[in-house]
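Summary of structural features
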Amino acid sequence: MADQYAQTGEDKRPTDIPALRWEEPPEGPVLVLLDQTRLPAEEVELVCTDAPALVEAIRSLAVRGAPLLGIAGAYGVALAAVRGYDVDDAANALAGARPTAVNLAVGVRRAHAAYQAALADGGGAPRAAEAALAAARALHREDAEASARMAAHGLALLDELLPGGGHRVLTHCNTGSLVSGGEGTAFAVALAAHRAGRLRRLWVDETRPLLQGARLTAYEAARNGMAYTLLADNAAGSLFAAGEVDAVLIGADRIAADGSVANKVGSYPLAVLARYHHVPFIVVAPVTTLDPDTPDGAAIEVEQRPGYEVTEISVPQVPVTGAGGGVPIAPLGTQAYNPAFDVTPPELVTAIVTEEGVVSPVTAQALAGLGAGAPRRGAAG
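Predicted model only: the values in this text are computed from it and were never measured.

What follows is about the packing of helix H2 (residues 66-83) against helix H3 (residues 87-95). The geometry of H2 relative to H3 is characterised by a closest axis approach of 9 Å and an angle of 160° between their N-to-C directions. Between H2 and H3, the angle is such that the two are roughly antiparallel. Taken as a pair, H2 and H3 cross one another with a handedness that is right-handed. Facing H2, whose interface residues are Gly73, Gly76, Val77, Ala80 and Ala81, H3 presents Val87, Ala90, Ala91 and Leu94. Taken together, the residues that form the contact of H2 with H3 break down as seven nonpolar, two polar and no charged.

Where H2 contacts helix H4 (residues 102-120), the axes come no closer than 7 Å and their chain directions differ by 30°. In terms of orientation, H2 lies roughly parallel with respect to H4. When the axes of H2 and H4 are compared, the crossing they make is right-handed. Contacts from Ala66, Pro67, Leu69, Gly70, Gly73, Ala74, Val77 and Ala81 of H2 reach H4 at Asn103, Leu104, Gly107, Val108, Ala111, His112 and Tyr115. Among the residues making up the contact of H2 with H4, the classes are represented as 10 nonpolar, five polar and no charged.

Looking now at the pairing of strand S9 (residues 261-264). Here strand S8 (residues 254-256) runs beside S9; their pairing, made up of two bridges, is antiparallel. Residue pairing across strands places isoleucine 255 opposite valine 261, the latter belonging to S9. Connecting S8 to the antiparallel partner S9 that follows it, the hairpin turn spans four residues, and glycine 259 within it adopts a positive phi of roughly 100°. Inspection of the sheet shows S9 paired to strand S14 (residues 341-344) by four bridges, in the antiparallel sense. Counted as the bridge partner of alanine 262 is valine 343 from S14.

Thresholds applied
- Residues numbered from 1 in each chain as written.
- Predicted model: local features only at pLDDT ≥ 70, side-chain atom pairs only at ≥ 80, totals over all residues.
- Heavy atoms only, no water.
- Axes fitted to C-alpha atoms, helices over the stretch in contact; angles between N-to-C directions.
- Helix = DSSP H or I, 4+ residues; strand = E, 2+ residues; numbered from the N terminus.
- Parallel < 35°, antiparallel > 145°, perpendicular 65-115°, else oblique.
- Left-handed = near helix turned anticlockwise from the far one by under 90°.
- Contact = heavy atoms within 4.5 Å.
- Nonpolar A, V, L, I, M, F, W, Y, C, P; charged D, E, K, R; others polar.
- Pairing = 2+ DSSP bridges.

Any functional reading would require information beyond the geometric quantities listed.
Now the structure itself:
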C-alpha cells in the first residue's frame, strides 16, 4: 500500500502562498490568485485586473471551492468599483460564473449591496468602492473565523461519535485552505484531529475527473505532515467493506432548505456506502452555503462541465494534443457525461457542521434555526 505517514515536528501551512489576496501596486489594485490548476507541480499566481479575468479564473477552476468563491466574488466587485468599471455588469458576470456554488453569489451580493448603499448615501464612487472593498475584507476575515469554529465543532462531533480517537476519515475532493479564507471546511476538521493526535489515517479520494483530491488534498495533507493514503474513487467500496473507514467528511457547494447537499460529483455514492456500512457521513460547510431559497435537491442547478475533462487528462510538462489542452485517454469523438456535482438527500447525511454548531438529524426546521445564529444539535445545540 503506497501511502504517506504522519511527520513529526511543527505543522507547516499547506502553502506559503495564500489562495487569494488583494494587492495595491502603483499601477492599480489587483486580485492575486494561486492558480490551482497548476498544483501540485507548480505554485503559480494569476493577477486579475478586472472582473472578466476573474470570471475566467473561476470558470477554469484556477480559483475554486465554495467559501473561497464567495470571497473572490466579493473582491471582484470591489476590483471593478476601485478601477472604475461598470460594477453592475461585473456583479452579474461574477454571480453567474458557476451556478451551483451558492457562496459565489452571496459574496457578490454582499459587496454589491455595500457599494450601492454607499452610493445611495451620497458618498460618491470612491467612497462606494471603499465600502465594497471593506465588505470583501470582512467576508474574508469572517470565513477564516468560521473555519476555525467548524474545525472545533467537527472534532468534538468525531470524538463523540468515535470515542477513543484513532479516527480513520475518508474525504472527497478538496476542502482545505485552498478553498477558504482559513484552513478549510471538512479538511480543517481532519487537520484538527491530526493536531490533537486523534487522526489515524486520512483516506483521500482522487476525485475524478479533475483529480482535485490527488492534486490538491494530498498536497495539503503532505504539507501538514498528516498520515494519508490516496485511492481511486471506485476503490472506496472495498475500503468500507474492509472496515477501514470510521467516518466520511465532505464539504458542500450548496445546501438546500431541506438539507439536500450538492458537492463534488462522487459524494452521493459515498453517502450510500456510508449508510450501508453504518459509517457517519458528515458535511462541513459555513452557513453561507445554506440556501433557504432552494427548497430541495431537485431544485439545485447542477453545473455541467466540458466533456474533455473526462476524455483527456492534464499532465504537467507533457505535450498536449487534445481539444481541452490535455492528453486524450478516450477515442476521438467520445461523448462524456460530466456533471460537476451530485446531490445527497438529507436522510443520508448524519450531520451538518457549521460555524454555528452541528445539525443532527438534518431537517429543514433545524437548518432554518441556524439563521438566528443558534447552534443546533437535534432540537437544540
